[in-house]
Structures are given as structure tokens and as C-alpha cells.
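Fold and geometry: a report
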Amino acid sequence: MKEQVFSASIDCLQDVLSLIEQELEAVDCPMRTTIQISVAAEEIFANIARYAYPESGGTAVIRIEADEHETVIRFTDAGIPFNPLEKPDPDISLPVEQREAGGLGIYMVKKTMDEVTYQRDGLNNILTIVKRY
Amino acid sequence: MEITKKKDGGALKIALEGRLDTSTAPSLEETLSKELSGVTDLEFDFAKLEYISSAGLRVLLSTQKIMKNQGTMKVKNVCPEIMEVFDITGFSEILTIE
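As a starting point, this report considers the structure included with it.

Rules and cut-offs
Per-chain numbering applies: the sequence of each chain, read as written, is numbered from 1 onward. Throughout, the order in which chains and ligands are written sets their labels, letters from A for the former and numbers from 1 for the latter. With the structure being a predicted model, the display of local features is reserved for residues of pLDDT at least 70 and the display and counting of side-chain atom pairs for 80 or more, all residues being used for whole-chain, interface and lining totals. A pair of strands is treated as paired once DSSP finds two or more bridges between them. The numbering of helices and of strands both runs from the N terminus, where a helix is a DSSP run of H or I of at least 4 residues and a strand a run of E of at least 2. For helices, the fitted line uses only the C-alpha atoms of the stretch in contact; every axis is such a line through C-alpha atoms, and the angle between N-to-C directions lies from 0 to 180 degrees. With C-beta atoms placed from the backbone, a contact is any residue pair whose C-beta atoms sit within 7 Å. Just so you know the grouping, Ala, Val, Leu, Ile, Met, Phe, Trp, Tyr, Cys and Pro go in nonpolar, Asp, Glu, Lys and Arg go in charged, and all remaining residues, Gly too, go in polar. The exposure scheme places C-beta atoms from the backbone and then counts, for each residue, the other C-beta atoms within 10 Å of its own, assigning buried at 20 or more, exposed at 12 or fewer, and partly exposed in between. The scheme is simple: roughly parallel for angles under 35 degrees, roughly antiparallel for over 145, roughly perpendicular for 65 to 115, oblique for anything else. For a crossing to be left-handed, the near helix must be turned anticlockwise from the far one by less than a right angle; the clockwise case is right-handed.

So, on to the sheet that holds strand E4 (residues 72–76) of chain B. All names here are of chain B. Taken in spatial order, the four strands make up an open sheet running E1-E2-E3-E4, and their pairing is mixed. Each edge of the open sheet is held by one strand with a lone partner, namely strand E1 (2–8) and E4. Across the sheet, the mean angle from the axis of one strand to that of its neighbour is 15°, orientation sign disregarded. As paired elements, E1 and strand E2 (residues 11–20) share seven bridges and run antiparallel to each other. When the sheet's bridge partners are listed, Asp8 is paired in E2 with Ala11.

Right, here's the structure in full:
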């Protein structure tokens, strides 16, 4: 298990992904799954970096537990209450002219992870993803 | 991410290498905003692209919308991992993938 505090800023994205990829490599997570988890982590961290702290900066705590069967990653921020899972899914059947890019990130997280849960705990937003393999 | 571009009249070929994600998508967006004017035949080569996130999808979608009005756009050599992202998000229906 690893836990690390990051500044909630897009500049930290590479460090977040390095931490996660290091942990996944250590448990021989399959390449395809590693990519799915990285994409999911990027979407969630980018959301926190963009929206959690509109006034001033803040931090995000990332905790990762990986073994040879599953990975659980928990993202905690103390920003404004925000449950990204409440957002309606994008209509992916629309023709290109009517398609919008908003909401695709979280939609991909929901589709590729086995579990995605949101919890508001006191002043914290806690988003947890689980991927089995 | 490495962006290699080749322009020949109205034809523009762009090869991407690495990751098209939140950190790198803005540089592709910038390249396209400079180069896209007058292009009627746009081709992306994804042979060396490993990874795409929603930030990358956003750029592809806005580019596809522009190209629909001025010519054609193709995406070539898509690896299975990225193809899966295109399938999940319905992008395999709106892009021309070869």
C-alpha cells in the first residue's frame, strides 16, 4: 500500500501516474489493464485539479493498494462537494456534429473499472476505483 | 509526446508518439490550429501512440468537426488499447479508422 499527497494541479499529473504505474508494475499487472487504470486515474485527478478548489489551491491524497488480482485506488480531496458519478452519461450514439467532449472522461472510468464509488466524508470527497484482473 | 507533421499542399499527415493526455493534448491542439487552414486531407498516424485520455478525445472530436466541413480526416494504425477507448466512447463510429 502506498499513500501520497499531491498538490491538486495538472502539473502533478505525471507524478501521480508514475506512482500508480510503479505500483502496478511491481505486481505484474497486465499492460492493457495498466493503461485502463492510468487513463481512469488521469481523468479523476484532472477533475480534482480543475474543479475541486475554485478559490485557492489544495491537495489530493492518493492511496493505492495493488496485488496480483486487483487494484484499489482512493482519491481524497477537501474541495467543494462534488460527485462526478451523478453526471449523466454522454449520448455516444449521436452524429459527430452533435457530439460533445464533456463527460467522456468519467464515462470511460465507469466503463473500464469494476467498481467506482463516491463518498462525502465530512469535508472530504472520496472517490474509489476498483479494477480486477 | 512527439508530433511529426508533413504538409503537402492540401494534405497534412500528423504522426503522434507517446501519450495523448491532459498534459500533451494542448500541444496537438496548438499545432492543429496553426496548420489546419486549407487542409482538405488530414491523416493521423497512431502507430507509436500508446495512450489516449478524454483530453485527447476532445481534440480529435473538435478536429473531426472542422474537417467535416473542409475535407476528410483519417486515423491510421490504431493499437488495440486505443481502439478499445474509441469503442467505449463511440468514437469508432464518428472517426474514419483505417
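Listed by partner, the interface residues are 18 residues for chain B and 22 residues for chain A. Looking at the side of chain B that touches chain A, the elements with two or more residues in it are helix H2 (54–70) and helix H3 (80–88) of chain B. The residue makeup of the side of chain B that touches chain A, split by class, is six nonpolar, seven polar and five charged.

Attention shifts here to unusual backbone geometry. Among all residues except glycine, the phi angle is most often negative; among peptide bonds, the trans geometry is most common. Phi angles above zero are rare outside glycine, and Asp28 of chain A is one such case at about 60°. Take Asp28 of chain A: it is sitting in the loop between helix H1 (13–26) and helix H2 (31–52). For Asp28 of chain A, a count of 9 C-beta atoms within 10 Å puts it in the exposed group. Even without a glycine there, the phi angle at Asn77 of chain B is positive, about 60°. Within the secondary structure layout, Asn77 of chain B lies in the loop between E4 and H3.

All names here are of chain A. Interaxial distance between H1 and H2 falls to 10 Å at its minimum, and their mutual angle equals 150°. Taken together, the axes of H1 and H2 lie roughly antiparallel to each other. The handedness of the crossing between H1 and H2 is right-handed. The segment H1 lies against H2, with Leu13, Val16, Leu17, Ile20, Glu21 and Leu24 engaging Thr34, Ile37, Ser38, Ala41, Glu42, Phe45 and Ala46. Residues of the contact of H1 with H2, tallied by class, amount to nine nonpolar, two polar and two charged.

Purely spatial values, then, with no claim about function.
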